[in-house]
Amino acid sequence: DAGITQSPRHKVTETGTPVTLRCHQTENHRYMYWYRQDPGHGLRLIHYSYGVKDTDKGEVSDGYSVSRSKTEDFLLTLESATSSQTSVYFCAISDGLAGGTDTQYFGPGTRLTVL
Amino acid sequence: AQSVAQPEDQVNVAEGNPLTVKCTYSVSGNPYLFWYVQYPNRGLQFLLKYITGDNLVKGSYGFEAEFNKSQTSFHLKKPSALVSDSALYFCAVRDILTGGGNKLTFGTGTQLKVEL
């Protein structure tokens, strides 16, 4: 999985609790992304980062925040988890080649269940 | 805006037969196109991409894809399917003009089942 780890790999939590998912890369890539995967929706972008402390929203960012204080780590936080955030979360990285020709490589995923 | 459609939720093929997984896209400018495969309980694995040049792109595991600008399609193909090809396949697109942040838009996925 291209030097990408995600933790935890599985988590069960209760509605209203905060949750933080971690993505760690050893490739020194500039771009990092958080997606969620749901049946019938494919993968949808939550947030992405184009450098340390540089982040932007994706198409489904409501209820999520992110932080990137180091090149290798990208954190996704659910401030107050809801059942609609039950999903499989994937982190991806890319090196940000000029012109947008770079390939995104994905981590193994985190399965989150909100009860 | 960029979008991609995978019209088939599932494709069934007999082992040894050719397979095709369909993908059509919509962009404002020119597209960059990608195919990924996902095996159960795993992350997505990159198969191939079209950036420019030859319309027939060859990728991993014997897969190839044909870019057709007039039909706005990028179908994934393999001449002879294997049972081990059974997986979930995703097409993705990035619009050169408007795809800021190197963002990809994914299709909803096609489940490929290869039977003996």
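Things to note about the pairing of strand E3 (residues 19-25) of chain A
Residues and elements named next belong to chain A. Of the two faces of E3, only one is covered, namely that formed by Val19, Leu21, Cys23 and Gln25; the face formed by Thr20, Arg22 and His24 stays uncovered. Inspection of the sheet shows E3 paired to strand E8 (residues 73-78) by six bridges, in the antiparallel sense. Paired with Val19 across the strands is Leu78, a residue of E8.

Regarding the layout of surface pockets
Taken as a whole, the largest pocket spans an internal volume of roughly 420 Å³. Gln37(A), Val88(A), Arg111(A), Gln38(B) and Leu88(B) are, among the 27 residues lining the largest pocket, the residues nearest its centre. Elements that contribute at least two residues to the lining of the largest pocket include exactly strand E4 (31-38), strand E9 (87-94) and strand E11 (110-114) of chain A together with strand E10 (87-95) and strand E12 (110-115) of chain B. If one sorts the elements of the lining of the largest pocket by residue count, E9(A) sits on top with three residues. Along the lines of polarity and charge, the residues of the lining of the largest pocket split into eight nonpolar, 14 polar and five charged.

What about the packing of aromatic side chains?
All names here are of chain A. The tally for this structure, following the rule as stated, stands at 18 aromatic pairs over all chains. Geometrically, the ring pair formed by Tyr33 and Tyr48 is stacked, given 6.2 Å between the ring centres and 25 degrees between the ring planes. With Tyr33 in strand E4 and Tyr48 in strand E5 (residues 42-51), this pair connects stretches of sequence that are 15 residues apart. We classify Tyr33 as buried; its relative accessible area is 0%.

A word on the interface of chain A and chain B
At the interface, 27 residues of chain A touch 22 residues of chain B. The largest share of the area that chain A buries against chain B comes from Leu43(A), Thr101(A) and Phe106(A), three residues that together contribute 23% of it. In this structure, Arg94(B) engages Asp102(A) in a salt bridge whose closest nitrogen and oxygen atoms are separated by 3.4 Å. Linking chain A with chain B are five residue pairs in polar contact (both at pLDDT 80 or more), by the criterion used here. When contributions to the side of chain A that touches chain B are tallied by element, the ones reaching two or more residues are E4, E5 and strand E10 (105-106) of chain A.

A short note on the pairing of strand E8 (residues 64-68) of chain B
A regular strand places its side chains on the two faces of the sheet in alternate fashion. Residue and element names in this part refer to chain B. Here three bridges tie strand E7 (residues 56-58) to E8, and the two strands are oriented antiparallel to one another. Bridged to Val57 within E8 is Ala65. Linking E7 back to E8 in an antiparallel pair, the connection comprises five residues, with Tyr61 at a positive phi of about 60 degrees. Where E8 lies against strand E9 (residues 73-78), five bridges are found, and the strand directions are antiparallel. Bridge pairing in E9 places Asn68 opposite Ser73. Between E8 and E9, which pair antiparallel one after the other, the connecting turn spans four residues, and Thr72 there sits at a positive phi close to 45 degrees.

Brief notes about the side chain of Gln37(A)
In this fold, Gln37(A) is placed in strand E4. Residues in contact with Gln37(A), not counting those within four places in the same chain, are Gly42(A), Leu43(A), Ser87(A), Val88(A), Phe90(A), Gln38(B), Leu88(B) and Phe90(B).

Rules of the game
Residues numbered from 1 in each chain as written. Chains lettered and ligands numbered in written order. Predicted model: local features only at pLDDT ≥ 70, side-chain atom pairs only at ≥ 80, totals over all residues. Heavy atoms only, no water. Buried < 20%, exposed > 50% of the residue type's maximum accessible area, 1.4 Å probe, protein only. Helix = DSSP H or I, 4+ residues; strand = E, 2+ residues; numbered from the N terminus. Pairing = 2+ DSSP bridges. 1 Å grid on protein atoms, 1.4 Å probe; cavity = no way out; pocket = protein on both sides within 12 Å on 5 of 7 lines; lining within 4 Å. Points joined across faces, edges and corners; volume = space filled by probe spheres on them. Nonpolar A, V, L, I, M, F, W, Y, C, P; charged D, E, K, R; others polar. Phe/Tyr/Trp six-rings, centres within 6.5 Å; stacked < 30°, edge-to-face > 60°. Contact = heavy atoms within 4.5 Å. Buried area = accessible area lost by both parts, 1.4 Å probe. Salt bridge = Lys/Arg side-chain N within 4 Å of Asp/Glu carboxyl O. Polar contact = N/O pair within 3.5 Å; in protein donor to acceptor, adjacent residues only side chain to side chain.

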